[in-house]
Structures are given as C-alpha cells and as structure tokens.
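# Tertiary structure, described
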Amino acid sequence: MYLNGELITKEWLAGKLEHVIWDNDEKIITDQVKKGIEYGFRVIFSPNHHWHNYVHDLLDGSGVIMSTPINFYDGLMPASAAAKQAEIACKSGCGSIDVYPDMAAWKMRKWDLITEYVHAVRESFDGEVKVLTMCNDSLDDMYRMCEAIKEGGATHIKAYDYNKQGAPMDRIQLLRKKADELGMGLKASGNGKYWTTAILMGAYAAGADYVSASNTFQIVDDLPIFEELYSKYQF
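Calculation rules
Residues numbered from 1 in each chain as written. Predicted model: local features only at pLDDT ≥ 70, side-chain atom pairs only at ≥ 80, totals over all residues. Heavy atoms only, no water. Helix = DSSP H or I, 4+ residues; strand = E, 2+ residues; numbered from the N terminus. Pairing = 2+ DSSP bridges. Axes fitted to C-alpha atoms, helices over the stretch in contact; angles between N-to-C directions. Contact = heavy atoms within 4.5 Å. Left-handed = near helix turned anticlockwise from the far one by under 90°. Nonpolar A, V, L, I, M, F, W, Y, C, P; charged D, E, K, R; others polar. Expected span 1.5 Å × (residues − 1). Buried < 20%, exposed > 50% of the residue type's maximum accessible area, 1.4 Å probe, protein only. Salt bridge = Lys/Arg side-chain N within 4 Å of Asp/Glu carboxyl O.

Further remarks concern the environment of Thr133. Of note, Thr133 is situated in strand E7 (residues 128-134). Here the alpha-carbon distance between Thr133 and His56, two residues 77 residues apart in the chain, equals 28 Å.

And the structure:
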C-alpha cells in the first residue's frame, strides 16, 4: 500500500507518530519509553518536568526526540510561566514541545496576545514549537490563529479539536495549505486514545506531517488489518 507515493510500512508509520505519556508512574513510563524506542517512534513525550531527566536518560542514543506539553491543564498559564516551562524543557533535552495557547486571549480573539504568548515561549526554547490551533473555529479565526502563532515563532500548526473528537479531515486539508503558505509544519492531534489506524491514515492523506496520540502502539499493530480491509475497496 502506498500513500502519496510512499510505501506504507510499520516503520514508516511509527516514524510519523508522536507517543504521548500522561502517567506519573515510573514503571509505566519506563515500559512505554523502551517499547516506543523499539517501535521507532519519531517523538516520545515526558509527562512533565518531574520526568524530563529520567525520560531523557532512557532515550539517550536512540535518536528519538523528547517532547513535553506546555500549559496543557487549563490553558490559563501566563506567558512568563509557560516560558519558564519551555526553558526547563529545553535545558532538560527536549527537542520539541506542544504548546496550549493562552485560552483567555483565544476566547477574546486577541491575536496580538496569542503572538506575544508564543513569542515568550519561543524565546525560551530552540526546538520544534507546535501550537494547538482550534479546528472548531470559523475559517477566518482558524487562519488568523495560524498567522498569530507563526508571527510568534511557532514551527508547527497543531490541528486540534477542543470537543476532543479529533481534528476533521477537511480542516486538516485546509491547514495543510495554510501551513505551506506560512512555511510551517502540520501536526494533527489524535485526541488521546481514540484515533484508529484508519483515521490516522486519513489525517496523513489530508496533509498532516505527524500525529500525536497515546494509543500509538495499537495504531501501528493494526496496520496489517487496515491494509487487509482496505485492499477490498476498488477506487
């Protein structure tokens, strides 16, 4: 099976996945990081600053990028605090961060404040900065959000559905075009454990560079079933 001219294999799929860990349990973190290295995931998350050094040591020499969430709990963290989180992540070896934007500014549609917020984070972090962009907005607001985070220094748009149902395929297509226009990467949120291999492959076909999810092992393991089922279709 091919997608956009590329041969789909488990290795290909794992290399475009970012494995999210939310647990604060040493055994769970250890097992998932080690298994994630074996699978060859592009990115594996450290749950928070308490685990950065531990996860970094586990990943050492693997080639897997360490990431972590910034301001994910309520989106109301001030820019200075989010910047501090990003600074700690940078010093601990993270090569990527996922950033929840200033939700108060977003609700007020204060795009200049969104830009200032992302800029504060960007100044504290020199790796990939992926900022959540709400796919439920009007197209105008969605595009203005993209422009605001680009101006702030974000490297990637992260397609996110705040209803937690997964970013719609049509919005991922539109965000791909916007990302290309702005010279940015595009990542889609798998909304935790709810995305399947089929949905994820749709996200890639729509233009996502990467997808983050917490059920990534199942997504990769189900690829042969996906290929078998979809081979029955005639296009």
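Spatially, the eight strands close up into a barrel ordered E3-E4-E5-E6-E7-E8-E9-E10, and their pairing is parallel. Each adjacent strand pair in this sheet contributes to an overall mean axis angle of 25 degrees, direction not counted. Judged from the three bridges that link them, strand E9 (residues 185-189) and strand E10 (residues 210-213) form a sheet pairing that is parallel. Residue pairing in the sheet places Ala188 in a bridge with Val211 of E10. The strands touched by helix H8 (residues 169-182) within the sheet are strand E8 (156-160) and E9, with E9 carrying the most contacts at an inclination of about 155 degrees.

On to the packing of helix H7 (residues 139-152) against H8. Relative orientation of the contacting elements H7 and H8 amounts to 35 degrees, with a least axis distance of 11 Å. Pair H7 / H8 crosses with right-handed handedness. Of the residues in H8, those touching H7 at Leu139, Met142, Tyr143, Cys146, Glu147 and Lys150 are Arg171, Leu174, Leu175, Lys178 and Leu182. Its residues assigned to classes, the contact of H7 with H8 comprises seven nonpolar, no polar and four charged.

Further remarks concern helix H6 (residues 111-123). Each full turn of the α-helix corresponds to 3.6 residues, which orients residues three or four apart in the same direction. In this model H6 runs 18 Å from its N-terminal to its C-terminal C-alpha over 13 residues, within 8% of the 18 Å that 1.5 Å per residue would give. Trp111, Ile114, Thr115, Tyr117, Val118, Ala120, Val121 and Arg122 are the residues of H6 that are buried. Packed against the buried residues of H6 are helix H4 (79-91), strand E6 (96-99), helix H5 (103-107), E7 and H7.

The next thing to look at is the pattern of salt bridges. Counted under the stated rule, the structure contains 16 salt bridges. Glu18 is the salt-bridge partner of Lys187, the closest N and O atoms lying 2.5 Å from each other. Of the two residues, Lys187 is situated in strand E9 and Glu18 in strand E3 (residues 17-19); the sequence distance between them amounts to 169 residues. Residue Glu18 is classed as buried on the basis of its relative accessible area, which comes to 0%.

The values reported here are purely geometric and, on their own, carry no functional implication.
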